[in-house]
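Listed below are the residues making up each chain.
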Amino acid sequence: MAAAHPSPLLAHRCSFHPDRHDPYLRLGTIAVFVRDKEQSRRFYLDQLGFRLALDVPLPSVENSLAVTPPDGTAVLSLIAPKAGSDEYQLIGPRPTQIIFLTENVFAKFEEWSSRGVRFHHPPQEQSWGAVSTTFEDLDGNSFTLLGYDAINVEGRNAAPRSCRKV
């Protein structure tokens, strides 16, 4: 029997800081509207390398499919609304305003491009020091892929020792 992975819906252990004085708070789920959950599932898992967070048939709930980036700190709920509904109009092509942070935009661009992910343009250096590009899912929902040295350093320094890369 394979070892069970902890649920990505639970808090990531690296999100807790022992010297914190306020109650724990993090982003839980973000809705992404899609036409076909099964095709979108394959895109997020196979092409982006995300993990399955939740896939439970619940008749009373419109959405029961969720994926998470490898670090598990956020969850995307993939929602396939009924055609003609107000939510159906929220399916791409449009910007989602969702930004994925990475330490190396160029490497992630190459990896995902080789898996067939559609990018709007190659990574570009921004005047304020970041590197970014934009990609889209199967439905034309677009996302930003961003790398910024100050964010990467801050993230490494803020993580508890057990969560830091060696």
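In short, a report on the structure.

About the thresholds
Residues numbered from 1 in each chain as written. Predicted model: local features only at pLDDT ≥ 70, side-chain atom pairs only at ≥ 80, totals over all residues. Heavy atoms only, no water. Helix = DSSP H or I, 4+ residues; strand = E, 2+ residues; numbered from the N terminus. Buried < 20%, exposed > 50% of the residue type's maximum accessible area, 1.4 Å probe, protein only. Contact = heavy atoms within 4.5 Å. Polar contact = N/O pair within 3.5 Å; in protein donor to acceptor, adjacent residues only side chain to side chain. Pairing = 2+ DSSP bridges. Axes fitted to C-alpha atoms, helices over the stretch in contact; angles between N-to-C directions. Phe/Tyr/Trp six-rings, centres within 6.5 Å; stacked < 30°, edge-to-face > 60°.

A word on the overall build of the chain. On a plain count of helices and strands, the chain comes out with three helices and nine strands. Along the chain, helices (α) and strands (β) appear in the sequence β-α-β-β-β-β-α-β-β-β-β-α when read from the amino end. Burial status across the chain gives 37% buried among its 166 residues. Long-range pairs, those at least 24 residues apart, make up 53% of the contacts in the chain between residues at least 6 apart in sequence.

Residue placement: T102 occurs in the loop between strand 5 (94–101) and helix 2 (105–114). For T102, a relative accessible area of 13% translates into the label buried. Among the polar contacts listed, one links the side chain of T102 to the backbone nitrogen of N104, at a separation of 3.4 Å.

Along the chain, H120 turns up in the loop between strand 6 (118–119) and strand 7 (124–125). H120 gets classed as partly exposed once you look at its relative accessible area, which sits at 44%. Distance from H120 to T134, taken between C-alpha atoms, is 5.5 Å for residues 14 residues apart in sequence. Ignoring sequence-local partners within four residues, the contact set of H120 consists of T134, E136 and S142. There is a polar contact of 2.7 Å between the side chain of H120 and the side chain of E136.

For the rest of this paragraph, the subject is the sheet that holds strand 4 (residues 75–79). Taken together, four strands build an open sheet; the order of strands is 1-4-3-2 and the sheet is mixed. Whereas interior strands pair on both sides, the edge strands pair on one side only; in this sheet they are strand 1 (29–33) and strand 2 (51–55). Strand-to-strand twist in this sheet, taken as the mean axis angle between neighbours without regard to direction, amounts to 30°. In terms of strand pairing, strand 3 (residues 65–68) meets strand 4 through two bridges, oriented antiparallel. By the bridge assignment for strand 4, A66 is matched with S77. The strands touched by helix 1 (residues 37–47) are strand 1, strand 2, strand 3 and strand 4; relative to strand 4, the strand with the most contacts, the crossing angle is about 155°.

All right, on to the packing of aromatic side chains then. For the structure shown, the criterion picks out 11 aromatic pairs. When the centroid spacing of 5.1 Å and the interplanar angle of 90° are considered together, the rings of F43 and Y44 count as edge-to-face. Note on Y44: relative accessible area 0%, which makes it buried. Aromatic pair Y44 and F50: ring centres 5.9 Å apart, planes at 50°, arrangement tilted. The exposure classification of Y44 matches that of F50, with both residues buried. Within the aromatic cluster, the residues linked to one another by ring pairs are F43, Y44, F50, F100, F109, W112, F119, F135 and F143.

Put simply, G92 and P93 share a cis peptide bond, and its omega is 5°. Within the element layout of this structure, P93 appears in the loop between strand 4 and strand 5. Positive phi values are uncommon outside glycine, yet Q97 reaches one of about 70°. Its location among the elements puts Q97 in strand 5.

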